[in-house]
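One-letter residues, chain by chain:
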Amino acid sequence: MAQQIESRSPQDPTDVVVSAPAATSGQVRAAVDRARVASREWGTAPAVQRATALHAAADAVAGAATELAALIVREVGKPVGESRGEVARAVAILRYFAQQALDPDGETYPSADGRALLLARHRPRGTVGLITPWNFPIAIPLWKAAPALAFGNAVVLKPAPDASAVAIRLEELVRTVLPDGVLQVVTGSAEAGRALVESVDAVSFTGSASVGRLVAVAAAARGIAAQCEMGGQNPSIVLPDADIEQTAAIIANAAMGYAGQKCTATSRVIVVGDAAPFTQALVAAVEGLASGDPADEATVVGPVITEAARARVLEAAEAAVGSGGRVLTGARSGDGDGWFVQPTLVDRVDAGSPIAQDEVFGPLCALLPATDVEDALRIANGVPYGLVASVFTRDLNTALDLAQRLDVGLARINAPTSGVDFHAPFGGEKDSSYGPREQGKAARDFYTSTRTITIAPAAS
C-alpha cells in the first residue's frame, strides 16, 4: 500500500483536511517526463494562446474564491480576511503574467557588418520544479507557476505536506483550461522534493534556509538554474520622531498577524533612544490583537501550523528568559484544542542571542535598544539573514540613508516588513535568498534563458 501524508487543521487537529499519496521518486520522475513532453508544444505555442489560458485560469480561481479562502482557513489556519486577500492576489498574479506573456521576447543589437540582424530572444527552460511552503498555499505556488507558464515552461509543483489540499484543488481548477501535463501537482515530503530537483530543468524553492541550501547545492551539481527564497530575521527600526501609536499598531500586525508565520514578519524591533514609551504602546497594540478561531472575521492571530511549531515558540521565549530576557506579554499557549500560542514580546535580550539571530517563524518578537542610528544599523545588519527591514521616521534624509545601507533585499519606510507587491522584484541578501529575484519583470530572468541569433544576408 502506498504511503500517505495527512494534512490536519491546526485549529482542530482531529480534522484531517486531506490524506494524499506520498509520491515516490519514480512517480515524480514520471510526472516530470509527462511535463517535458507537454512543454514541447506549450513552449512553441503562440504567446497569445498562453496568455488566454492564464486569463482562463484566473477566471477559474476567481470563480472558486469563496471555496478556496475557506479551504485556506481550514488547512493552514490563516485568518479569513487574509485568506480572502491571498486568493485575490493569486487571481491578480495570473492576470498580470497573462499580460506579460505578450511583452517583447528579446532585443536587437547592432551587427558587426551593419547588414546582418543580431538579436537575443528569451526561450523557456523546459520543465520547472516548484517546491512551495504551507503559509501562502495558493499565492506562492502561483507567483512561481504563472511566470513559468507564461514564458512557455511546464510546471511540476510539490507543495508542503501541510498545504496539500489547497494545491490539489488548485490543480483541479486549472486543469480544465491548460493543456494536459503542463501543470501537475505531486504530493509528498523530502523524497519527492529530492526527486524533483534531480529531474527538472530548473527549480524554484521557498522554505527554510537549511533546506534551501541543500536545494541550491543539488541544483548546482546538476548545472540547472535554481532560485531559493528562504528565511528572515526582519528588523523594524523606530526612530525618536516616529508616531508612537501608529507605528506600534503597524509593527504589532507585522509581527503577530497570521501568528507571525511569514518570512517577512517583523522579528526584531530596534528602538533608538528612550524605548519605554514605545514599548508600552507596542505591548498594548499586541494585546489588543484578536486571537483565536481563524474563521472568525475579527481574528488577526490564529494558530501556528503544528504542535512542534508551538513548542518552538514557547521554548525560544523560555530560553530568552533563561539568559536574562523579560517577557512583556504572551509566552503561553492559547485557549482551545488547536495549536494556539499567545503573541509574545520579549525585551532585555542581547542582540547576539538566539531569539535575536534565529528565525522562529511564530508570534514572537524581541525588542532591542539602540543608542543612535548607527547602533540601530549595526544591530539590524548583524544577523545571517537579509530579507526585509522597515524604518519609521519623519526624517527623509535618514530614511534615504538607511534604505541604502540596510543589508536587505527590501527596505520599507513607514510601512510594515510584511506585505509584498507581486509586480515588483522580491528577494533578499545573505541567507535569505539564492539566485535571481522573484516576481514582476524580474521573473523572466529565471524562467527563461537567452539565445543569441545572427541572421546574415545570403551570399550573392
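It should be noted that the structure appears before, not after, this text.
A brief look at the structure comes next. Here the residue index of a chain counts from 1 through its sequence in written order. Local features in a predicted model are, by the rule used here, given only for residues with pLDDT of at least 70; side-chain atom pairs are given and counted only at 80 or more, and totals for whole chains, interfaces and linings are based on all residues. Derived side-chain values reflect all non-hydrogen atoms in the structure, with water molecules and hydrogen atoms excluded from consideration.

## Considering the sheet that holds strand S20 (residues 448–455)
Two modes of strand pairing occur in sheets, parallel and antiparallel, and in both the strands are linked by backbone hydrogen bonds. The cut-off we apply is this: We treat two strands as partners when DSSP finds at least two bridges between them. Numbering of helices and strands runs from the N terminus, with a helix taken as a DSSP run of H or I at least four residues long and a strand as a DSSP run of E at least two residues long. Angles here are taken between N-to-C directions and fall from 0 to 180 degrees, while the axes themselves are lines fitted to C-alpha atoms, restricted in helices to the stretch in contact.
Strand order in the open sheet made by the 3 strands is S3-S4-S20, with antiparallel pairing throughout. One side of each edge strand has no neighbouring strand; the edge strands of this open sheet are strand S3 (106–109) and S20. Between one strand and the next, the sheet's axes are offset by a mean angle of 20 degrees, whatever the strand orientation.

## Observations regarding unusual backbone geometry
Rules: Categorising residues by exposure relies on relative accessible area from a 1.4 Å probe, with only protein chains included: less than 20% of the type maximum marks a residue as buried, more than 50% marks it as exposed, and the intermediate range marks it as partly exposed.
Within the chain, Ala259 stands out as a residue other than glycine whose phi angle is a positive 55 degrees. Within the fold, Ala259 resides in the loop between helix H9 (244–256) and strand S11 (266–272). The class of Ala259 is buried, set by a relative accessible area of 1%. Even without being a glycine, Lys430 presents a positive backbone phi close to 55 degrees.

## Points about the pairing of S11
Threshold: Handedness rule for crossovers: strands pointing away from the viewer, path from the first strand over the helix to the second running clockwise, crossover right-handed.
Of all the 7 residues making up S11, 7 are buried; the element is thus mostly covered by neighbouring parts of the structure. Judged from the 5 bridges that link them, strand S10 (residues 234–238) and S11 form a sheet pairing that is parallel. Note that in S11 the partner of Asn234 across the bridge is Thr266. Between the parallel elements S10 and S11, the chain passes through H9 in a crossover that is right-handed. Pairing geometry for S11 and strand S14 (residues 364–370), over 5 bridges, is parallel.

## Section: the layout of surface pockets
Applicable threshold: Using protein atoms alone on a 1 Å grid, points that fit a 1.4 Å probe yet trap it form a cavity, whereas open point sets bounded by protein on both sides within 12 Å along at least five of seven lines form a pocket; residues with an atom within 4 Å of a point count as lining. Grid points are joined across faces, edges and corners, and a volume is the space filled by probe spheres set on the points. Ten residues, namely Ala, Val, Leu, Ile, Met, Phe, Trp, Tyr, Cys and Pro, are considered nonpolar, four, namely Asp, Glu, Lys and Arg, are considered charged, and the remaining ones, Gly among them, are considered polar.
If you add up the space inside the second largest pocket, you get close to 480 Å³. In terms of lining, the second largest pocket is formed by 23 residues, of which the most central are Gly43, His122, Arg123, Pro124 and Phe151. Looking at the lining of the second largest pocket, the elements that each hand over two or more residues are helix H1 (25–44), helix H2 (47–63), strand S4 (117–124) and S20. A per-class count over the lining of the second largest pocket returns 7 nonpolar, 8 polar and 8 charged.

## Re the nonpolar core
Just so we agree on the cut-off: Grouping buried Ala, Val, Leu, Ile, Met, Phe, Trp, Tyr and Cys residues that are joined through side-chain atoms within 4.5 Å yields what is termed a nonpolar core. Contacts: residue pairs with any heavy atoms within 4.5 Å of one another.
In terms of nonpolar packing, the biggest core is built from 120 residues, with Val61, Ile138, Ile237, Val269, Leu282 and Leu406 touching the most fellow members. The element that contributes the greatest number of residues to this core is helix H5 (residues 139–150), accounting for 9 residues. Beyond its immediate stretch of four places on either side in the chain, Val269 contacts Ser236, Val238, Ile251, Phe278, Leu282, Cys365, Ala366, Leu367 and Leu368. The next biggest cluster of nonpolar side chains, apart from the first, holds 25 residues, and it includes Ala35, Val197, Val203 and Cys228.

## Considering empty space enclosed by the protein
The full count for this structure, using the stated rule, is 3 cavities of 30 Å³ or more. Put simply, the largest cavity is a space of about 120 Å³. Lining the largest cavity are 19 residues, and of these Ser267, Val360, Phe361, Gly362 and Leu364 lie nearest its centre. At the level of secondary structure, the elements contributing two or more residues to the lining of the largest cavity comprise S11 and S14. Looking at the lining of the largest cavity, the element that brings in the most residues is S14, giving 3 residues. Residues that form the lining of the largest cavity fall into these classes: 9 nonpolar, 7 polar and 3 charged.

## Observations regarding the pattern of salt bridges
Operational definition: Put simply, a salt bridge is a Lys or Arg side-chain nitrogen that is within 4 Å of an Asp or Glu carboxyl oxygen.
The final tally for this structure, using the stated rule, is 22 salt bridges. Across the salt bridge formed by Arg444 and Glu107, the nearest N and O atoms sit 3.7 Å from each other. Taken together, the residues Arg444 in helix H15 (residues 443–447) and Glu107 in strand S3 connect sequence positions 337 residues apart. Residue class for Arg444 comes out buried when judged on its relative accessible area of 18%. In this structure, Asp407 engages Lys430 in a salt bridge whose closest nitrogen and oxygen atoms are separated by 3.7 Å. Remark: Lys430 occurs in strand S18 (residues 429–430) and Asp407 occurs in the loop between helix H14 (396–405) and strand S17 (410–413); sequence separation between them is 23 residues. Asp407 gets classed as partly exposed once you look at its relative accessible area, which sits at 33%. Take Lys430: its relative accessible area is 31%, and that puts it in the partly exposed class. A single salt-bridge network, built from bridges that share partners, covers Glu67, Arg169 and Glu172.

## Remarks on the environment of Leu196
Assignment of secondary structure puts Leu196 in helix H7 (residues 190–197). Along the chain, Leu196 and Val186 lie 10 residues apart, while their C-alpha atoms are 9.3 Å from each other. If near-sequence neighbours (up to four positions away) are discounted, Leu196 is found in contact with Val28, Val32, Gly129, Leu130, Ile131, Val156 and Lys158.

## Quick look at H5
In plain terms, the rule: Take the number of residues in a helix, subtract one, and multiply by 1.5 Å to get its expected span.
Its 12 residues place the ends of H5 16 Å apart at the C-alpha level, agreeing with the 16 Å of an ideal helix rising 1.5 Å per residue. Where burial is concerned, most of H5 is hidden: 12 out of the 12 residues are buried. Those residues of H5 lying buried are Ala139, Ile140, Pro141, Leu142, Trp143, Lys144, Ala145, Ala146, Pro147, Ala148, Leu149 and Ala150.

## Topic: the packing of aromatic side chains
The following threshold applies: Pairing of aromatic rings covers Phe, Tyr and Trp, the last counted by its six-membered ring, and requires centre-to-centre distances within 6.5 Å; plane angles under 30 degrees mean stacked, over 60 mean edge-to-face, and any other angle means tilted.
As enumerated under the stated definition, the model contains 7 aromatic pairs in all. With centroids separated by 4.9 Å and ring planes inclined at 90 degrees, the aromatic side chains of Tyr96 and Phe97 adopt a geometry described as edge-to-face. Taken together, a centroid distance of 5.8 Å and an interplanar angle of 55 degrees make the contact between Trp143 and Phe426 tilted. One end of the pair, Trp143, is in helix H5; the other, Phe426, is in the loop between S17 and S18, with 283 residues separating them in the sequence. Both residues of the pair, Trp143 and Phe426, count as buried.

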